[in-house]
Amino acid sequence: MTEFIVLGAGMAGVGAALALQARGHAVSLLDRRAPGSETSHGNAGVIQSEAVEPYAIPRDVPTLLRYALGRSNDVVWHARDLPRLAPALWRYFQQSAPARHGEISRSYAQLIGRVLDDHAPLITASESEPLIRRTGMGEIHRSARALEAAAREARRLREAYGIPSQVMDASAMREDDPALRSGPAGMLLWTGSWSCTDPGALTRAYADLFARRGGRVLTGEAQSLARRASGWQVASDDGPVEASQVVVALGPWGPDLLRRFGYRVPMVWKRGYHGHYDTPARLARPYVDADNGVVMSSMTRGLRITTGAELVRRDGPAAPRQLERGRRAVAELVELGEPVPDGQWHGHRPCLPDMLPLVGPAPRHEGLWFDFGHGHQGFTLGPTTGEILAEAIEGRDDALTAALDPRRRGL
Ligand SMILES: Cc1cc2nc3c(=O)[nH]c(=O)nc-3n(C[C@H](O)[C@H](O)[C@H](O)COP(=O)(O)OP(=O)(O)OC[C@H]3O[C@@H](n4cnc5c(N)ncnc54)[C@H](O)[C@@H]3O)c2cc1C
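Structure report, in brief. Bear in mind that the values here come from a model prediction, so they are computed numbers and not experimental data.

Parameters at a glance
Residues numbered from 1 in each chain as written. Predicted model: local features only at pLDDT ≥ 70, side-chain atom pairs only at ≥ 80, totals over all residues. Heavy atoms only, no water. Phe/Tyr/Trp six-rings, centres within 6.5 Å; stacked < 30°, edge-to-face > 60°. Helix = DSSP H or I, 4+ residues; strand = E, 2+ residues; numbered from the N terminus. Buried < 20%, exposed > 50% of the residue type's maximum accessible area, 1.4 Å probe, protein only. Lys NZ or Arg CZ within 6 Å of the ring centre and 35° of its normal. Arc of directions from axis to C-beta.

Examining the packing of aromatic side chains
At step 1: In total, this model carries four aromatic pairs according to the counting rule given.
At step 2: Ring geometry for Trp-90 versus Phe-93: centroids 5.8 Å apart, planes at 20°, classification stacked. Of the two residues, Trp-90 and Phe-93 are both situated in helix H4 (residues 82-95); the distance of three residues between them amounts to about one turn of the helix.
At step 3: Taking 5.8 Å as the distance between ring centres and 70° as the angle between the ring planes, the aromatic pair formed by Trp-232 and Phe-261 counts as edge-to-face. Here Trp-232, found in strand E12 (residues 231-236), pairs with Phe-261, found in the loop between helix H10 (254-259) and strand E14 (268-277); they are 29 residues apart in sequence, far enough to count as distant. Assigned by exposure class, Trp-232 and Phe-261 land together as buried.
At step 4: An aromatic cluster of at least three residues, connected via ring pairs, comprises Tyr-263, Phe-370 and Phe-372.
At step 5: The ring of Trp-253 is capped by Arg-32, whose NZ or CZ atom sits 5.4 Å from the centre of that ring.
At step 6: The aromatic ring of Trp-194 is capped on one face by Arg-134, whose charged end is 4.2 Å from the ring centroid.

With respect to helix H6 (residues 115-125)
At step 1: Looking at H6, one finds that the buried residues are Val-115, Asp-118, His-119, Leu-122 and Ile-123. In a view along the axis of H6, the buried residues occupy a sector of 130°, so they form one face of it. Exposed and oriented more than 90 degrees from the buried face of H6 are Asp-117 and Thr-124.
At step 2: Glu-127 sits one or two residues past H6 and shows a positive phi near 55°.

Spelled out as structure tokens, the structure:
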């Protein structure tokens, strides 16, 4: 009998499966789709070693007004969805108070501080080096004033957490990456971040590594999960699978399954879109267009533009106006080319109001573990939270495991 079933084969589930397997457990990894087909496929592909402080809801009135009046492309919202989202958003707003956000960031920075060390051996062992760039991530600013403000913020992060960065003016930026057009004031280069030219392929490569090391990858429906005398059972295409322990790593769908077991998880789904363009030149690295809330990155299918957050019901209709605005903005920065047919996608950042993933034991069910809610950085964090979950299962108990522990999160 398998000891662990991991439900969900995105970066979080694959990371957990590998970490448990590395400690000698027999593990099955189950998903209704192929590994890395959902959020871990559609993202911007940045392994964000600079993201030491999670996104808080801004508290300054001008920014909130810009959001409220629909003048920002980073965050958009729909009046029809607000009543349903309001309770989780209100909790998110409360957790964003500076003192509380500082406390959360101390835990988050500990997670982020490990991510490169946790990805590196998996990249090597899965032979994924050709997918990885270690050229940092650029943050392009159109005005000198915005660039100066970004440089001040970067100095603060260097002093507080040791995050390396470099400021480049317009000519240094274009010399460094000739694919960029002239116009912007310059960029802040986060020199320590890595990126990936096909996030879904990297997730699949890690899942293949798990299978090569003896793990079972199964197709099945997580909603079939049921208690049995021996522990847990789930239906798969290969028949029923039983295990003494189950890890829920269903990303944006985690709350759906857990509702059946009496847990109401207050998730904020931040929808993002991507589109691909047949851009002639390849960029040296991903760039955030800081004025327009989009990221552009050369990927296997072309230049991928990914958008900021649309606050919506998860299963509501697609309305990719952020992508259209982003396309117009990016066309000012690079020669864009034609859209790639069938190159559009949308998915949801699984964000929790306290900005930390849930990693650890279920509050009221023996043998049930959570590893989801990775928000804006799950592609970065999956291998790390997998390790931390495996360490918690072995009995690690310290300030970081306590901060992530589902039993202390009011569920
Ligand atoms: C536009 C955008 C850009 C982003 N950019 C970045 C970035 O640059 N860097 C970064 O670190 N993060 C980024 N993120 C966030 C990141 O993509 C997510 O946090 C991460 O992919 C979540 O991983 P996951 O494994 O938890 O979820 P997923 O990858 O969604 O995996 C969940 C899995 O559960 C499966 N599943 C769901 N329900 C069931 C069921 N009932 N039965 C069986 N299987 C089921 C799904 O098929 C899926 O494979 C971005 C997100 C978006 C939307």
